[in-house]
Amino acid sequence: MTMPPQRLEAVNKLDLDLEEEQENTVDAFKQYMEQMALVREIGGLHVIGSERHESRRIDNQLRGRAGRQGDPGSSRFYLSLDDELMRMFGGDRMEGGVLSRLKLDESMPIEVGLINRMVEQAQTRVEGTNFDIRKHLLEYDDVLNTQRNRVYEQRDRIFLKEDLHDDIDEMIHNEIAPKVELAMADAEGPWKLLAQLEDIQSMINTEFGIYPSYTIKLVADELEDVQDLETLKSRMLDLAKDAVKQENEHLLEGVELLLARNQETIKNQIAERSEALDAFWKLSIRTKSAMCNRN
């Protein structure tokens, strides 16, 4: 690469007829080269840092401004023990330990290699912490990306697939099957499941037809083979009686369970109070015996 003095000398040797705009460009270039030469003569750019960044990369980038492409330059950083980086990682220990042993004046600048090593160690710790934070954020982003791909996949399937009956059946099975298993393990589970299904699949009335709720669909399946009105009335009355009977049995079971629990609670209370009464009588008898023996 041609050095700035050589480039300036080459421009001065040019003997050309230039237009006014070109002459202005050449003059600006000459002024730039003269200023560059002046900066090089006085030692180049000197960068002053008022504190150290928590990342060494930022400090190195700032130092690099002082020596671009072989130009001379220098840099100097000034730190305080009250800086956030020093306060988080060893500033109190440095102030209370090292400075007190060295008996240095607080107003006096300190140039010790130990402080530089402490700053570098603190920067290494902060960089490690920031790396872990970015790593966790990347893991969270991977989870979101997986969910996003799943949603896009289902969206594309809805747009591109002609028949979605199998997909809907699979979704319904995956949603209802675990709830059925849980419901059958509890005495009141089937009732709760019917109420939940009624809430999930309520009746839908559209211009294409009426879609009944789950419980109405069960009743319709029971009455599917009815042919005349009288039979329909009779079957519906029978279903209503069965429903009332089942409801009464359910209520009776709940009442019996409540009474059994209350009876068990009463028995436990009677037993506890009987034990307390026995303990009181035994204590009274021992007290009377002790008083008789003293007399």
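Residues numbered from 1 in each chain as written. Predicted model: local features only at pLDDT ≥ 70, side-chain atom pairs only at ≥ 80, totals over all residues. Heavy atoms only, no water.

### Things to note about the overall build of the protein
- When its secondary structure is counted, the protein shows 10 helices and 4 strands.
- For the protein, the succession of helices and strands along the chain, N to C, is α-α-β-α-β-α-α-α-α-α-β-β-α-α.
- Out of the 295 residues belonging to the protein, those deemed buried represent 12%. (Helix = DSSP H or I, 4+ residues; strand = E, 2+ residues; numbered from the N terminus. Buried < 20%, exposed > 50% of the residue type's maximum accessible area, 1.4 Å probe, protein only.)

### Quick notes on helix α7 (residues 165-184)
- Here α7 spans 27 Å end to end across 20 residues, near enough to the 28 Å set by a 1.5 Å rise per residue.
- Of all the bends in α7, the greatest reaches close to 25° and is centred on Ile176; the proline Pro178 follows between one and four positions later. (Expected span 1.5 Å × (residues − 1). Bend = angle between axes of the 7 residues up to and from the residue.)

### Quick notes on the pattern of salt bridges
- Using the criterion set out here, one finds 6 salt bridges in the structure.
- In this structure, Asp59 and Arg52 form a salt bridge, with 2.9 Å as the shortest nitrogen-oxygen distance.
- Among the charged side chains, a network of salt bridges with common partners joins Glu153, Arg157, Lys161 and Asp167. (Salt bridge = Lys/Arg side-chain N within 4 Å of Asp/Glu carboxyl O.)

### Considerations on the nonpolar core
- If you look at the biggest cluster of nonpolar residues, it comprises 6 residues: Leu85, Met86, Ile115, Val119, Ala122 and Val126.
- Those elements that place two or more of their residues in this core are α4 (84-88) and α6 (113-160).
- Per-element accounting of this core gives the leading share, 4 residues, to α6. (Core = buried A, V, L, I, M, F, W, Y, C linked by side-chain atoms within 4.5 Å.)

### Some words on the packing of aromatic side chains
- Here the structure, examined in full by the defined rule, presents 0 aromatic pairs.
- Note that Arg52 overlies the ring of Phe77, its terminal NZ or CZ placed 5.6 Å from the centroid. (Phe/Tyr/Trp six-rings, centres within 6.5 Å; stacked < 30°, edge-to-face > 60°. Lys NZ or Arg CZ within 6 Å of the ring centre and 35° of its normal.)

### A closer look at the side chain of Asp167
- Its place among the elements puts Asp167 in helix α7.
- Engagement of the side chain of Asp167 in a polar contact is seen with the side chain of Lys161, the distance being 2.9 Å.
- For Asp167, the contacting residues outside a window of four places in its chain are Arg157 and Lys161. (Polar contact = N/O pair within 3.5 Å; in protein donor to acceptor, adjacent residues only side chain to side chain. Contact = heavy atoms within 4.5 Å.)

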